[in-house]
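Each chain is listed here by its residues.
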Amino acid sequence: MVKRFYPLLAGAGILLAVVTVVAAQVGGDSSLDPVSMTISQYAARDEGGAIETAMAVLGLASLALLAGMRALDAPVGGWPARLIGLWSVSLIGAAVVPSGTAWQGDLHGVLSAAAFVSVPAAAIQLVGRLRQDERWKATARPLEWLALASGLGLAAVTYVALPGHGVMIGLVERLLLTAEVAVLGVLAVRLAQLTWGPWLKERMGRERVGDGRAARDFLVHR
């Protein structure tokens, strides 16, 4: 019974985190530029704390996703599980650690880098495994494309951060984050289908049987 809550927690957490981040940046301080500022820089100067909250929620939702996949014996053991766990811990750590001083800003940068690298690496390893599992096979192709997009985004962030002198790094980071959250979203949707699908099918079957019996009883007693 508990495992049915994992996809709900994962899906709701991912959706809440996305909505929170979008709302915070659309309706936030006009002096903050999401195109040129990294997510860590934006969070440090945004006094509302919405970005940190979204990061913590996304980290916890990712842990729920990992727990749900493990509960269904998904082929996520080993490095994929470690990498998703690293992503989750890095996000939660970045949300908890203040970013006011220089060393705190450096720590935010390290945690952000660890998070950004983790999901593409996990997705690349998962593609082959999911393709060989009939239950998860449907997610292999979209995950493959998203892994490619995440890898390209990671390369773009690296280039912009080093020889690119940080030009439009905020935009590139956010595009990379979008691809990585999409990876989690694809896995969460499939987890919900595998967790709730059989239960709903069984429930609907029982209702049909009950309706059939009621109809027969009605005809017999007319």
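Reference entry: report on the structure contained in this document. Every chain is numbered on its own, with residues counted from 1 as its sequence reads. Restriction of local features to residues with pLDDT of at least 70 applies here, the model being predicted, together with a cutoff of 80 or more for giving and counting side-chain atom pairs; totals for whole chains, interfaces and linings are based on all residues. Calculated side-chain values reflect all of the structure's heavy atoms, with hydrogen atoms and water omitted.

1. Considerations on the packing of aromatic side chains
Aromatic ring pairs are described here by two measures, namely the spacing of the ring centres and the angle between the planes.
Next up, step 1: Under the pairing criterion, centres of Phe, Tyr and Trp rings, with the six-membered ring standing for Trp, must be within 6.5 Å; the plane angle then separates stacked pairs below 30 degrees from edge-to-face pairs above 60, leaving the rest tilted. One pass over the full model with this rule turns up 0 aromatic pairs.
Next up, step 2: A positively charged side chain is recorded as over a ring if its NZ (Lys) or CZ (Arg) lies within 6 Å of the ring centre. The angle to the ring normal must also be within 35 degrees. Its end group placed over the ring of Trp 79, Arg 82 keeps NZ or CZ at 5.1 Å from the ring centre.

2. A look at helix H1 (residues 5-26)
Think of an α-helix as 3.6 residues a turn; residues three or four steps apart then line up on the same face.
Next up, step 1: Look at H1: 31 Å from first C-alpha to last across 22 residues, which is about the 32 Å you get at 1.5 Å a residue.
Next up, step 2: Throughout, exposure labels follow a simple rule: accessible area from a 1.4 Å probe, protein chains only, divided by the maximum for the residue type, with under 20% read as buried, over 50% as exposed, and the rest as partly exposed. A run of DSSP states H or I qualifies as a helix once it reaches four residues; a run of E qualifies as a strand once it reaches two. Both are numbered from the N-terminal end. Pro 7, Ala 10, Gly 13, Ile 14, Ala 17, Ala 24 and Gln 25 are the residues of H1 that are buried. Projected onto a plane normal to the axis of H1, the buried residues spread over an arc of 160° and lie on a single side. Opposite its buried face, H1 presents the exposed residues Leu 15 and Val 26, each directed more than 90 degrees away. To estimate the expected span of a helix, count its residues, drop one, and scale the result by 1.5 Å. To obtain the arc, one takes the directions from the helix axis to the C-beta atoms.

3. Focus on the environment of Ala 10
Next up, step 1: Structurally, the position occupied by Ala 10 is in helix H1.
Next up, step 2: For Ala 10, a relative accessible area of 0% gives the class buried.
Next up, step 3: The sequence separation of Ala 10 and Ser 62 amounts to 52 residues, and the corresponding C-alpha distance is 6.2 Å.

4. Structural notes on the nonpolar core
Next up, step 1: Membership of the largest hydrophobic core comes to 37 residues, with the highest contact counts inside it found for Leu 58, Leu 65, Trp 136, Leu 143 and Leu 187.
Next up, step 2: Put simply, the parts of the chain that give this core at least two residues each are H1, helix H3 (50-71), helix H4 (79-96), helix H5 (102-131), helix H6 (140-161) and helix H7 (169-220).
Next up, step 3: Contacts: residue pairs with any heavy atoms within 4.5 Å of one another. Once residues lying within four places of it in the same chain are set aside, the contact partners of Leu 187 are Leu 65, Met 69, Leu 126, Leu 130, Trp 136 and Leu 143.
Next up, step 4: One finds Leu 32, Tyr 42, Ala 95 and Leu 111 within the second-largest nonpolar core, a separate group that totals 17 residues. Take the buried Ala, Val, Leu, Ile, Met, Phe, Trp, Tyr and Cys residues and link them wherever side-chain atoms come within 4.5 Å; each set so joined is a nonpolar core.

5. Describing unusual backbone geometry
Next up, step 1: Positive phi outside glycine occurs at Asp 73, with the angle close to 55°.
Next up, step 2: By relative accessible area, Asp 73 is classed as exposed at 62%.
Next up, step 3: In this structure, Met 168 is a non-glycine residue whose phi angle is positive, near 60°.
Next up, step 4: Inspection of the secondary structure assignment puts Met 168 in the loop between H6 and H7.

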